[in-house]
Amino acid sequence: MFAPSLDRRASKYMWLGTDRVFEAFTFIVKETPHGVMQVHGYPYSAEGSTFIVEMSPETWRSAGFDSTEDRVFVPGESDEEAIAKIRTLFDDELGDHEIFANNSKWLNFITVRNERWHDGNIVLLGDAAHTAHFSIGSGTKLAMEDALALAACLAENDAVDTALSAYERERRPVVESTQRAAQASLEWFENIAQYREQGDIEFCFNLLTRSRRITYENLKLRDPKFTALVDHDFAARQGAEGTAPRCSNPSRSDPSG
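What counts and how
- Every chain's residues receive numbers from 1 upward, in the order its sequence appears when written.
- Local features in this predicted model are restricted to residues of pLDDT 70 or higher, and side-chain atom pairs are both shown and tallied only at a pLDDT of 80 or more, whereas totals for entire chains, interfaces and linings draw on every residue.
- No hydrogens and no water enter the side-chain calculation; it runs on all heavy atoms of the structure.
- Only DSSP runs of H or I covering at least 4 residues are called helices, and only runs of E covering at least 2 are called strands; the numbering of each starts at the N terminus.
- Two residues qualify as a contact provided that any one of their heavy atoms is within 4.5 Å of a heavy atom in the partner residue.
- Each residue carries a pLDDT score, the predictor's confidence in it, ranging from 0 to 100.
- Note on classification: 1.4 Å probe, protein chains only; a residue is buried when its accessible area is under 20% of the maximum for its type, exposed when over 50%, partly exposed between these limits.
- By this definition, two strands are paired if DSSP reports at least two bridges between them.
- Throughout, an axis means a line fitted to C-alpha atoms (over the contacting stretch in the case of helices), and angles, computed between N-to-C directions, take values from 0 to 180 degrees.
- An angle counts as roughly parallel when it lies under 35 degrees, as roughly antiparallel when it exceeds 145, as roughly perpendicular when it falls between 65 and 115, and as oblique in every other case.
- In a left-handed crossing the near helix is turned counterclockwise from the far helix by less than a right angle, and in a right-handed crossing that turn is clockwise.
- Only Asp, Glu, Lys and Arg are considered charged, only Ala, Val, Leu, Ile, Met, Phe, Trp, Tyr, Cys and Pro nonpolar, and every remaining residue, Gly among them, polar.
- For Phe, Tyr and Trp, rings pair up if their centres lie within 6.5 Å, where Trp contributes its six-membered ring, and each pair is then called stacked (planes under 30 degrees apart), edge-to-face (over 60) or tilted (otherwise).
- As a reminder, the over-ring test applies to NZ of lysine and CZ of arginine, requiring each to be within 6 Å of the ring centre and within 35 degrees of the ring normal.

**Comments concerning the environment of I110**
Here is step 1 of the chain: Among the secondary structure elements, I110 is positioned in strand β6 (residues 107-114).
Here is step 2 of the chain: Counting along the chain gives 48 residues from I110 to S62, while the straight-line C-alpha distance between them is 23 Å.
Here is step 3 of the chain: Each residue touching I110, except ones within four places of it in the same chain, is listed here: L6, D7, R8 and T131.

See below:
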């Protein structure tokens, strides 16, 4: 009917919440005895934030998270054993803050694409039609924009089929552009271990430009001071005179998203 394409990725993630309120979309990249783990955190209210923990399957197994791999969790049940381990692993970042579960268990992200978004009077929107990796934080935005576009097209066209075709024509280019950026970001995080030896400035630059939506020139317009640090750091690593200033950020948090 819709000709779906499902791309199931290897990395493991768990969706949690916390009462630590991040100022903005924040990445915590942490070297653990088991390998690199990362948190994708962003505020959803004045009282709490989303706290998504992600890692490679090798790191996941090394940390012992596969101990519940074969367990079947009933709807609404969370993997409390894994959550307790996560709380311990990220104790320094959480401090006195709590983490909260809601049907939280290990998942593999699936990129959803559909050749067609409507059939007869049935129409898809949001994650049913398309998904974008949470590292770019656009899932809810895309779904809301789909709903607005669908409502507008239904109001502007007398025939349902005409309206649904118009909706798909309007939204598909936007969604596909976002999915390309999300795919680049997803793959960057899948290979994050290869960047572990980079200095803070080089790592931050690669993190900021990972989705290819922000280029060097674009970043130069947004933050010329940081771009100057990038230039200085690159020159220093190539053996030019002078030492690049260093940014001190042991958790390597990215507040930009």
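**Observations regarding the confidence of the model for the chain**
Here is step 1 of the chain: For the chain, mean pLDDT is 92; residues scoring 70 or higher make up 93% of the total.
Here is step 2 of the chain: Counted against residues more than four places away or in other chains, residues 242-257, with its pLDDT under 50, gives 47 contacts.

**Let's talk about the pairing of strand β4 (residues 49-55)**
A regular strand places its side chains on the two faces of the sheet in alternate fashion.
Here is step 1 of the chain: Burial analysis of β4 places 7 of its 7 residues in the buried class, the great majority of the element.
Here is step 2 of the chain: Side chains of β4 alternate between two faces, with S49, F51, V53 and M55 and T50, I52 and E54 buried alike.
Here is step 3 of the chain: As judged from the 7 bridges shared by strand β1 (residues 4-18) and β4, these two strands associate in the antiparallel manner. Counterpart to Y13 in the pairing with β4 is E54.
Here is step 4 of the chain: Counted along the chain from strand β3 (residues 35-43) to the antiparallel partner β4, the turn is 5 residues long.

**Looking at the side chain of R172**
Here is step 1 of the chain: Looking at the secondary structure, you find R172 in helix α5 (residues 160-190).
Here is step 2 of the chain: Not counting residues within four places of it along the chain, the set of residues in contact with R172 comprises N114, E115, R116 and W117.

**Quick notes on the packing of helix α6 (residues 200-208) against helix α8 (residues 224-237)**
Here is step 1 of the chain: The contact between α6 and α8 brings their axes to 9 Å, and the two run at 125°. On the basis of their axis angle, the class for α6 and α8 is oblique. The chirality of how α6 crosses α8 is left-handed. Taken together, the residues of α8 that come into contact with α6 (itself represented by I201, E202, C204, F205 and L208) are F226, L229, V230, D233 and R237.
Here is step 2 of the chain: Residues that form the contact of α6 with α8 fall into these classes: 7 nonpolar, no polar and 3 charged.

**Focus: the side chain of T209**
Here is step 1 of the chain: Here T209 lies in the loop between α6 and α7 (216-222).
Here is step 2 of the chain: Assessed through its relative accessible area of 16%, T209 is described here as buried.
Here is step 3 of the chain: Once residues lying within four places of it in the same chain are set aside, the contact partners of T209 are I214 and T215.

**Focus on the packing of aromatic side chains**
Here is step 1 of the chain: As enumerated under the stated definition, the model contains 15 aromatic pairs in all.
Here is step 2 of the chain: Their ring planes at 40° and their centres at 5.2 Å tell us that F25 and Y42 sit as a pair that is tilted. Pair noted here: F25 is in the loop between β1 and β2 (26-32) and Y42 is in strand β3, with a separation of 17 residues, a long-range link.
Here is step 3 of the chain: Given the relative accessible area of 12%, F25 is considered buried.
Here is step 4 of the chain: Above the plane of the ring of W60 lies K12, whose end atom (NZ or CZ) is 4.6 Å from the centre.

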